[in-house]
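Each chain, letter by letter, is given below.
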Amino acid sequence: MPGRILPSLPCAVSRRVPVPVSFRPTLRAPFSSTAQACSSSSDFSDADKLATGLQKNKEWASKYPEQFPGLAKGQQPEILWIGCSDSRCPETTILGLNPGDVFVHRNIANIVHHADLNSACVIEFAVAHLKVKHIVVSGHTACGGINAALGNSKLGILDTWLLPLRNLRQKNIEALQSLDPQQAVIKLSELNVLDGVQKLKQLGVVIDAIETRGLQVHGVVYDVATGLLRTLNAADESHEATKARLTAFKTA
């Protein structure tokens, strides 16, 4: 699916088309959240990851002491990020932003469940109280949850969580079966992101924020092999479809 590339990691191998102004958050002088900024002359290569992280945390925090008093007073993030729990997808690092810039909800395969109380509370708080300007649903390549939904192994409680993905698989079975396995994972990931975007636009708190203050909802896919984000362009909603959606979901 065609799309544009969002600003990449500082170590990304290439530059692409810049993100539109409407989705360009205000950048401050960055905390260096990449591993390079936190590294020391000590060799941590064989150390326990937690012990390494705790040591690097002290080094990292000591470099930016002037930043933290402001963060202690509160947060004003512009972005709500709904992403996958996958350890390869750290949203603040991917965006090159800082602590306090991104409010985050992550789960297995970045699925938006209407009945999920956890994500519902995050969305309500971010939109109604933090007044974020953007909501981003982010999928990624090589996603284990997507792979699982394309297979037919019993996974216990995970089967219930992955049901929305299996529904998308059923609706798009011919298209998915026509692709090689790697491309099928990417395609289902894209479909899942766009489904999440649509579900968000059905929530009353999101509808109100779109109408009253221009909240924007975006879909992206992160390529774990390149470190680059690709925006997904959802099909334009017709006037009739928008009217039907608002009639069905808008509350007062």
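Remember, it's a predicted structure, so these values are computed and weren't measured experimentally. Every chain begins its residue count from 1, and numbering advances along the sequence as written. Side-chain atom pairs in this predicted model are given and counted only at pLDDT of 80 or more, local residue features only at pLDDT of at least 70, and totals for whole chains, interfaces and linings cover all residues. Side-chain measures were taken over the full set of non-hydrogen atoms in the model, leaving aside hydrogen atoms and water.

### What about the packing of aromatic side chains?
- Any two rings among Phe, Tyr and Trp, with Trp reduced to its six-membered ring, count as a pair given centres within 6.5 Å; such a pair is stacked if its planes are under 30 degrees apart, edge-to-face if over 60, and tilted if neither. Within the structure shown, the criterion is met by 2 aromatic pairs.
- Ring geometry for Trp60 versus Phe68: centroids 5.6 Å apart, planes at 75°, classification edge-to-face.
- Owing to a relative accessible area of 17%, Trp60 belongs among the buried residues under this scheme.
- With relative accessibility at 27%, the residue Phe68 sits in the partly exposed group.
- Ring centres of Phe103 and Phe125 lie 5.7 Å apart, and the angle between their planes is 45°; on these two criteria the pair is classed as tilted. On the criterion of sequence distance, the pair formed by Phe103 in strand E3 (residues 102–107) and Phe125 in helix H5 (residues 117–129) is long-range, its members being 22 residues apart.
- Looking at Phe103, the relative accessible area reads 17%, which means it is buried.
- Exposed residues in this analysis have more than 50% of their type's maximum accessible area, buried residues have under 20%, and partly exposed residues fall in between, with area computed by a 1.4 Å probe over protein chains only. What makes Phe125 partly exposed here is its relative accessible area of 35%. By definition, any uninterrupted DSSP run of H or I lasting at least four residues is a helix, any uninterrupted run of E lasting at least two residues is a strand, and each is numbered from the N terminus.

### Considerations on the pattern of salt bridges
- A carboxyl oxygen of Asp or Glu within 4 Å of a side-chain nitrogen of Lys or Arg is what we treat as a salt bridge. Within the structure shown, the criterion is met by 6 salt bridges.
- Its salt-bridge partner being Arg106, residue Glu91 comes within 3.4 Å of it at the nearest N-O pair. You can see Glu91 sitting in helix H4 (residues 91–95) and its partner Arg106 sitting in strand E3, a full 15 residues away along the chain.
- The class for Glu91 is buried, based on a relative accessible area of 9%.
- Exposure remark for Arg106: the relative accessible area of 30% places this residue in the partly exposed category.
- A salt bridge links Glu190 to Arg230, with the shortest nitrogen-to-oxygen separation between them at 2.8 Å.

### Considering the environment of Ala209
- Tracing the sequence through the fold places Ala209 in helix H11 (residues 204–213).
- Through-space distance from the C-alpha of Ala209 to that of Val127 is 7.1 Å; in sequence the pair is 82 residues apart.
- Setting aside residues up to four positions removed in sequence, Ala209 forms contacts with Val127, Gly214 and Leu215. Whether two residues are in contact is decided by their heavy atoms: any pair within 4.5 Å suffices.

### Here we look at the UniProt feature "binding site: Zn(2+)" (unreviewed entry) in the protein chain
- UniProt positions are given in the numbering used here, feature names are shortened, and annotations may be inferred rather than shown by experiment. Per the UniProt entry, the sites bearing "binding site: Zn(2+)" (unreviewed entry) are Cys84, Asp86, His140 and Cys143 in this numbering. Sequence-wise these annotated residues cover 60 residues; spatially they are packed, their C-alpha atoms never more than 9.0 Å apart.
- Within the secondary structure layout, Cys84 lies in strand E2 (residues 79–84).
- Once you skip the residues sitting within four places of it in the chain, Cys84 turns out to touch Arg106, Asn107, Ile108, Ala109, Asn110, Ser138, His140 and Cys143.
- Here His140 shows up in strand E4 (residues 134–140).
- Judged by relative accessible area, which is 1%, His140 ranks as buried.
- When near neighbours in sequence (up to four residues on either side) are disregarded, His140 contacts Cys84, Asp86, Arg88, Cys89, Ser189, Val221, Tyr222 and Val224.

### As for unusual backbone geometry
- The backbone phi angle of Ala109 is positive, close to 70°, even though this residue is not glycine.
- Take Ala109: its relative accessible area is 1%, and that puts it in the buried class.
- Backbone geometry places Asn110, a non-glycine residue, at a positive phi of 40°.
- In this structure, Asn110 sits in the loop between E3 and H5.

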